[in-house]
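# Survey of secondary and tertiary structure
For reference, the chains in residue letters:
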Amino acid sequence: MRQKLAAGNWKMNGTGSDLAELAELIQSQGTATSELMICPPATLLSRAADLAQNSALTIGAQDCHSEQAGAHTGDISAAMLKEAGATAVILGHSERRADHSESSNTVAAKTQTAWAHGLTALVCLGETLDEREAGDTLKVVGDQLAASLPEGATGANTVLAYEPVWAIGTGKIPSLAQIAEVHDFLRAELTTRFGPQMAEATRLLYGGSVKPGNAAEIFATSNVDGALVGGASLKAADFSPIIAALDAS
Ligand code: PEP
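Residues numbered from 1 in each chain as written. Predicted model: local features only at pLDDT ≥ 70, side-chain atom pairs only at ≥ 80, totals over all residues. Heavy atoms only, no water.

Moving on: the overall build of the protein chain. When helices and strands are counted, the protein chain shows 11 helices and eight strands. Computed over its C-alpha atoms, the radius of gyration of the protein chain comes to 17 Å, within 12% of the 18 Å expected for a compact globule of 249 residues. By its C-alpha atoms, the protein chain is 45 × 45 × 35 Å across when sized along the principal axes. Residue burial in the protein chain is summarised as follows: out of 249 residues, 51% are buried. On the protein chain, roughly 10,600 Å² of surface is accessible, and the fraction owed to carbon and sulfur atoms is 52%. Computed over 16 positive and 28 negative side-chain charges, the separation of the two mean positions in the protein chain equals 2 Å. (Helix = DSSP H or I, 4+ residues; strand = E, 2+ residues; numbered from the N terminus. Rg over C-alpha atoms; globule rule 2.2 N^0.38 Å. Buried < 20%, exposed > 50% of the residue type's maximum accessible area, 1.4 Å probe, protein only. Areas by Shrake-Rupley, 256 points an atom, 1.4 Å probe, with all protein chains shown as cover. Lys, Arg positive; Asp, Glu negative; His and termini not counted. Charge placed at Lys NZ, Arg CZ, Asp CG, Glu CD.)

Put into structure tokens, the structure is as follows:
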């Protein structure tokens, strides 16, 4: 059985005062059966991890470098994230792919480094609107999956997030049939490449404008094991009903 996962990506948002939202989440969601994760900016990681200690909340990071260490000004290594208290790291988010020209090969290298430091890799995939309208969604997502995920992926060290680029932060979501099509496809691709045991154990999250009002129907969709949530994870009052919908699904 895959444990459902509600992961919040704070992106470049949040300073110390926002940790109150984490405290509220820990207090209100202590009995959730789904795994809860917040990925705050790197500056808040260790304080967030301290707050989350002995609670149901886990803390993830938003990126790491593919190298172990070295002359990479401004970058953060997987070892640093681990020491700061992260147990997972988002890799290949479309904003990293677009803003930092990250290729799937780079994502695969980062994934391997993350695994080497005991971090779960939360690998993001998704098509642009042009790619969807051209009918290329499965090809794009399949190619990203093949190139972003190295050999050695397991249900324990990897989570996949299908995030259509055009649905992130826009308030638009694909139809439920479109979400199901991609999630069913991803499960089948994992089965072909890694075998049924790995495919059955790997959580597939949907991401892109998940809100309290649409969460329940998304979580009822085939092969959706949870969500990667941006904007609606910033406030406990918005994230909590999403977690409740996931628990109820
Ligand atoms: C994200 O950036 O991963 C995301 C899903 O953002 P939002 O929920 O704000 O669309």
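More follows now that the structure is in view.
Around the ligand, the structure places 14 residues, and the nearest of them are Lys 11, Glu 163, Gly 169, Ser 209 and Gly 230. Here His 93 contributes a side-chain N or O atom positioned 2.8 Å from an oxygen atom of the ligand. Backbone polar atom of Gly 231 to an oxygen atom of the ligand: 2.9 Å apart, as the coordinates give it. Surface burial for the ligand is 97%, taken as the share of its 300 Å² of free accessible area covered by protein chains. A per-class count over the shell around the ligand returns four nonpolar, eight polar and two charged. (Near = heavy atom within 4 Å. Polar contact = N/O pair within 3.5 Å; in protein donor to acceptor, adjacent residues only side chain to side chain. Nonpolar A, V, L, I, M, F, W, Y, C, P; charged D, E, K, R; others polar.)

Spatial strand order, 1-2-3-4-5-6-7-8: eight strands in a closed barrel with parallel pairing. Each strand axis lies, on average, 25 degrees off the axis of its neighbour in the sheet, ignoring direction. Across four bridges, strand 1 (residues 5-9) lies against strand 8 (residues 226-229) in parallel orientation. Residue pairing across strands places Ala 6 opposite Ala 227, the latter belonging to strand 8. (Pairing = 2+ DSSP bridges. Axes fitted to C-alpha atoms, helices over the stretch in contact; angles between N-to-C directions.)

Below, the discussion takes up the side chain of Ser 209. Tracing the backbone through its elements, the reader meets Ser 209 in the loop between strand 7 (203-207) and helix 10 (215-219). Ser 209 sits in the buried class, given a relative accessible area of 9%. Engagement of the side chain of Ser 209 in a polar contact is seen with the backbone nitrogen of Gly 171, the distance being 2.7 Å. The residues touching Ser 209, leaving out its near neighbours within four places in the chain, are Ala 167, Ile 168, Gly 169, Thr 170, Gly 171, Lys 172, Ile 173 and Asn 214. (Contact = heavy atoms within 4.5 Å.)

The residue Glu 102 is located in the loop between helix 4 (94-99) and helix 5 (104-116) in this model. Those residues in contact with Glu 102 that lie beyond four places of it in its chain are Asp 63, Gly 92, Arg 96, Arg 97, Val 107 and Lys 110.

Leu 186, Leu 190 and Phe 219 are the most contacted members of the largest nonpolar core, which has 61 residues in total. Those residues in contact with Leu 190, other than ones at most four positions away along the chain, are Leu 145, Leu 149, Leu 160, Gly 195, Met 198, Ala 199, Thr 202 and Leu 204. One finds Ala 7, Val 159, Ala 161 and Leu 228 within the second-largest nonpolar core, a separate group that totals 12 residues. (Core = buried A, V, L, I, M, F, W, Y, C linked by side-chain atoms within 4.5 Å.)

In the contact formed by helix 1 (residues 19-28) and helix 2 (residues 45-52), the axes pass within 10 Å of each other and the chain directions differ by 25 degrees. In this view, helix 1 runs roughly parallel relative to helix 2, as classed from their interaxial angle. Crossing handedness for the pair helix 1 and helix 2: right-handed. The residues of helix 2 that touch helix 1, namely those facing Leu 19, Leu 22, Ala 23 and Ile 26, are Arg 47, Ala 48, Leu 51 and Ala 52. Tallied by class, the residues present in the contact of helix 1 with helix 2 amount to seven nonpolar, no polar and one charged. (Parallel < 35°, antiparallel > 145°, perpendicular 65-115°, else oblique. Left-handed = near helix turned anticlockwise from the far one by under 90°.)

A separate point is the pattern of salt bridges. When charged atoms on two side chains of opposite charge get close, those side chains can pair. Summed over the entire model, instances satisfying the criterion amount to 13 salt bridges. A salt bridge links Arg 2 to Glu 200; the nearest nitrogen and oxygen atoms lie 3.2 Å apart. In this pair, Arg 2 sits in the segment before strand 1 while Glu 200 sits in helix 9 (residues 196-201), placing the two residues 198 residues apart along the sequence. We note a salt bridge from Lys 139 to Asp 143, for which the minimum N-O separation is 2.5 Å. (Salt bridge = Lys/Arg side-chain N within 4 Å of Asp/Glu carboxyl O.)

As a further point, take the pairing of strand 1. For strand 1, a buried count of five out of five residues is recorded, marking the element as mostly surrounded by other parts of the structure. Side-chain alternation along strand 1 places Leu 5, Ala 7 and Asn 9 on one buried face and Ala 6 and Gly 8 on a second face that is also buried. Judged from the five bridges that link them, strand 1 and strand 2 (residues 35-39) form a sheet pairing that is parallel. Directly across from Leu 5, in strand 2, lies its bridge partner Glu 35.

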